[in-house]
Each structure stands twice: as structure tokens, then as C-alpha cells.
Amino acid sequence: MEKTIALSGINAKAKAYIELIKLKLTLAVVFSGVFGYCLAADQVNWWKIAILVIASIAITGAANIINQIIEKDSDKLMKRTAVRPLPTGRLSVNEAAVFAFLLFSIACYLFVEVFNIRAAALAVLSLLLYGFVYTPLKRKGQIAVFVGALPGAFPPMIGWVAATNHFGWAPGILFAIQFFWQFPHFWAIGWLAFDEYKKAGIQMMPGSGKNADTAFRIMIYTLFLVPVGWLPYLLGMTGINSALVAMIGGILFLAQTFHLMRTCTDKAALQMMFGSLLYLPVVQIVYLLDKV
């Protein structure tokens, strides 16, 4: 009986640690990093991709833990976050902090030893911006979304630099695509969770509320995706086919923002959120398939 109870306790702790790194969100970030690496690499090294996946999970997980440590009290006020390991007490802040430091150390070691110092520096910068700048700013106002979009757009650039050990226009373009994509994506989430965010003192929306003015601002940022989607082709990174797919995807995504402007409903915001979740991986996969 005691052995069963002990195993149950270990399993509960392990589950809490996995929840702490926000695995689904982390894997989406990892996908973007691997995309950048594969697009840049002349020859795909599967061993290095495996290491990149581990390092990316570690650095992203550490950043997510820092975010949750800082937001532990506000997370208690929102239904969707109140069940996280820290608000529920399944893990202590000290346990979370030690885990974050361990993940951070693993990520830094792997990026430096297997890849290069530039990729490691970008990874560390993304963690600092997300954990220690974006997270506290969420209570200050809408500027938080702009700041948060910076580390959120780093993964494909980190992947590119990991493969090539240099910066340039190419990783900058990958950064730009993911940077502009984040605004309609996170503002759609902010629209759906507006009341909960407001209760927790967090302002994630670009306007005054769920209205046409806010929807218009979302549309403006989505509009950038149409021309930016052509840049990989214009720089000779990919072929014309992927540029056309990216343009069509951008136009369809843009059409969803017009629908939101017209209706200003949660249903339209939900459709736009799912559209954003589909847009980015599809475009990235098509870029890879059309790599020059």
C-alpha cells in the first residue's frame, strides 16, 4: 500500500512538472525552430535536429516556468490558469525555480556545444525577454504584446543561426513572418479571454474592448502577412509556389479579420484563432517543400 501511494505521488509530481513546461505550446515553438534549421541546412543532420528539439524544449520550458512563477497569483483568478501546478500548490515556487534553472542549463550547454554561441545567445535573449520583460509588462498595458512578439518570433531565427552560425536577411525574414503572425493570433485569444484577463488585471487587446475598433487593428497587423509571405521567394530562399500558397493563406486569414470586424463575436474570434493555428505551420511546411 505504501509503495503504491509513493508511486502515485511520484507520478503526480512528474505530471505537474510536464504541465509546468506547457508542452503543447512548447512543441509549437520547437516546430518553428526545426523549420528554421531545416530551411537553412544544406544537408539535414537528424542527430542535430534531435538535439535542437531537446534544447528548444528546455529553453522554452524554462521561460514558461519563469512566466508562471511571476504570474502565480494572477493565474489563480482565471479559470483556464487556476488549475496550473503553482496556483494549485502541486508544485512549490522553489521546485519550479530549480526545474527552470536545470532546463536553462541543459539548453545553454547543448546550444553552445552542439551548435554555436550565436544560437545560444539568441535562445538566452528570448528567455530573458519573455520571462523578465514581457511577463511583468502584461499588467502594464498593450505594449506587452509587442514586446512578447519579439521572443515569440525568435524560434525560426534561432534554428537558422544554429544551422549556419550567422545572421542576415534570411533569418530576419523568418523572424518577420512569425512576428506579424503573433498579433492576430494572440489578440484572438485575448478577445476570447477578455473578461478573465480583465479580472486578473491583464490587458492583451489593442483597443478598448471587443468592438470594431479592436477588430480593425487586428486586421491591420494581419495585412502585413500578405507581402511578407513573398519575401523568402524574393530573397531566393524558396520557390514561387510557396510564395503563392503563403499569399493565399494570408488573404484567407485576412478575410477572417474582416468577418470579425463585421460581426464582433466570440465565434468569429474563435474561428480566427483556429485559422492562425493552421496558417503558420502550413506556410512553414510549404516553404520547406519548396526550398531552393
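Residues numbered from 1 in each chain as written. Predicted model: local features only at pLDDT ≥ 70, side-chain atom pairs only at ≥ 80, totals over all residues. Heavy atoms only, no water.

- Under an unreviewed UniProt entry, the protein has the name Protoheme IX farnesyltransferase and belongs to Spirosoma aureum.
- Listed under Sequence similarities (unreviewed entry) in UniProt, the entry text for the protein is "Belongs to the UbiA prenyltransferase family. Protoheme IX farnesyltransferase subfamily."
- In the Catalytic activity (unreviewed entry) part of its UniProt record, the protein is described as follows: "heme b + (2E,6E)-farnesyl diphosphate + H2O = Fe(II)-heme o + diphosphate". (UniProt positions renumbered as here; feature names shortened; annotations may be inferred.)

Structural notes on the side chain of T222
- Mapped onto the elements, T222 comes out in helix α12 (residues 212-223).
- Not counting the four nearest positions on each side in its chain, T222 is found in contact with P184, F253, L254 and T257. (Helix = DSSP H or I, 4+ residues; strand = E, 2+ residues; numbered from the N terminus. Contact = heavy atoms within 4.5 Å.)

Overview of the packing of aromatic side chains
- In the structure shown here, the tally under the stated rule is 19 aromatic pairs.
- Aromatic pair Y17 and F99: ring centres 4.8 Å apart, planes at 65°, arrangement edge-to-face. One end of the pair, Y17, is in helix α1 (residues 2-20); the other, F99, is in helix α6 (residues 93-115), and 82 residues separate them in sequence.
- A centroid spacing of 5.7 Å and a plane angle of 20° characterise the contact between F175 and F179, whose relative ring orientation is stacked. Of this pair, F175 and F179 both sit in helix α10 (residues 169-192), four residues apart, roughly one helical turn. (Phe/Tyr/Trp six-rings, centres within 6.5 Å; stacked < 30°, edge-to-face > 60°.)

Description of unusual backbone geometry
- The phi angle at N165 is positive, at roughly 65°, despite the residue not being glycine.
- For C264, which is not glycine, the phi dihedral falls at a positive 55°.
- Structurally, C264 is set in the loop between α15 (240-263) and α16 (266-289).

Here's the deal with the nonpolar core
- Membership of the largest hydrophobic core comes to 88 residues, with the highest contact counts inside it found for Y37, I65, F111, F115 and L260.
- Element by element, the count of residues in this core is highest for α10, at 13 residues.
- Both domains that meet at this core, namely domain 1 (1-167) and domain 2 (168-291), each give it at least three residues.
- Aside from chain neighbours lying at most four places away, what touches F111 is L52, A55, S56, I59, N116, A119, A120, A123 and I158. (Core = buried A, V, L, I, M, F, W, Y, C linked by side-chain atoms within 4.5 Å. Buried < 20%, exposed > 50% of the residue type's maximum accessible area, 1.4 Å probe, protein only. Domains from an automatic or database assignment.)

Remarks on the packing of α10 against α12
- Running from N to C, α10 and α12 cross one another at 155°; their axes reach a closest spacing of 8 Å. Classified by the angle between their axes, α10 and α12 sit roughly antiparallel to one another. Along this stretch, α10 crosses α12, giving a crossing that reads as left-handed. Contacts from F180, F183, P184, W187 and W191 in α10 reach T214, A215, R217, I218, Y221 and T222 in α12.
- Across the contact of α10 with α12, the residue classes break down as eight nonpolar, two polar and one charged. (Axes fitted to C-alpha atoms, helices over the stretch in contact; angles between N-to-C directions. Parallel < 35°, antiparallel > 145°, perpendicular 65-115°, else oblique. Left-handed = near helix turned anticlockwise from the far one by under 90°. Nonpolar A, V, L, I, M, F, W, Y, C, P; charged D, E, K, R; others polar.)

Observations concerning the domain arrangement of the protein
- Examined at the domain level, the protein breaks down into domain 1 (1-167) and domain 2 (168-291).
- Here the C-alpha centre of domain 2 lies 22 Å away from the C-alpha centre of domain 1.
- With 33 residues of domain 1 at the interface, the matching set in domain 2 holds 33 residues.
- For the pair domain 1 and domain 2, the interface holds zero salt bridges.
- Across the contact surface, domain 1 and domain 2 share eight residue pairs in polar contact (both at pLDDT 80 or more).
- Secondary-structure elements contributing two or more residues to the side of domain 1 that touches domain 2 are α2 (23-40), α8 (143-152) and α9 (154-164).
- Examining the composition of the side of domain 1 that touches domain 2, we find that seven residues originate from one element, α2, more than from any other.
- Split into classes, the residues belonging to the side of domain 1 that touches domain 2 amount to 20 nonpolar, eight polar and five charged. (Salt bridge = Lys/Arg side-chain N within 4 Å of Asp/Glu carboxyl O. Polar contact = N/O pair within 3.5 Å; in protein donor to acceptor, adjacent residues only side chain to side chain.)

Some thoughts on the pattern of salt bridges
- Within the structure shown, the criterion is met by seven salt bridges.
- With a shortest N-O distance of 2.9 Å, E71 and K138 are connected by a salt bridge. Placement of E71 in the loop between α3 (46-70) and α4 (72-75) and of K138 in the loop between α7 (117-137) and α8 is noted, with a sequence separation of 67 residues between them.
- By relative accessible area, K138 is classed as buried at 7%.
- Its salt-bridge partner being K72, residue D73 comes within 3.4 Å of it at the nearest N-O pair.
- K72 gets classed as partly exposed once you look at its relative accessible area, which sits at 22%.

Section: a nonpolar patch on the surface
- Residues L231, Y233, L234, I240 and L244 make up a contiguous nonpolar surface patch of about 410 Å² in total accessible area.
- Put simply, the parts of the chain that give the nonpolar patch at least two residues each are α14 (231-234) and α15.
- With three residues, the single largest contributor to the nonpolar patch is α14.
- If you trace the backbone, L234 turns up in helix α14.
- Judged by its relative accessible area of 60%, L234 falls in the exposed class. (Patch = residues over 30% accessible without salt bridge, like charges linked within 9 Å, V, L, I, M, F, W, Y side chains within 5 Å. Areas by Shrake-Rupley, 256 points an atom, 1.4 Å probe, with all protein chains shown as cover.)

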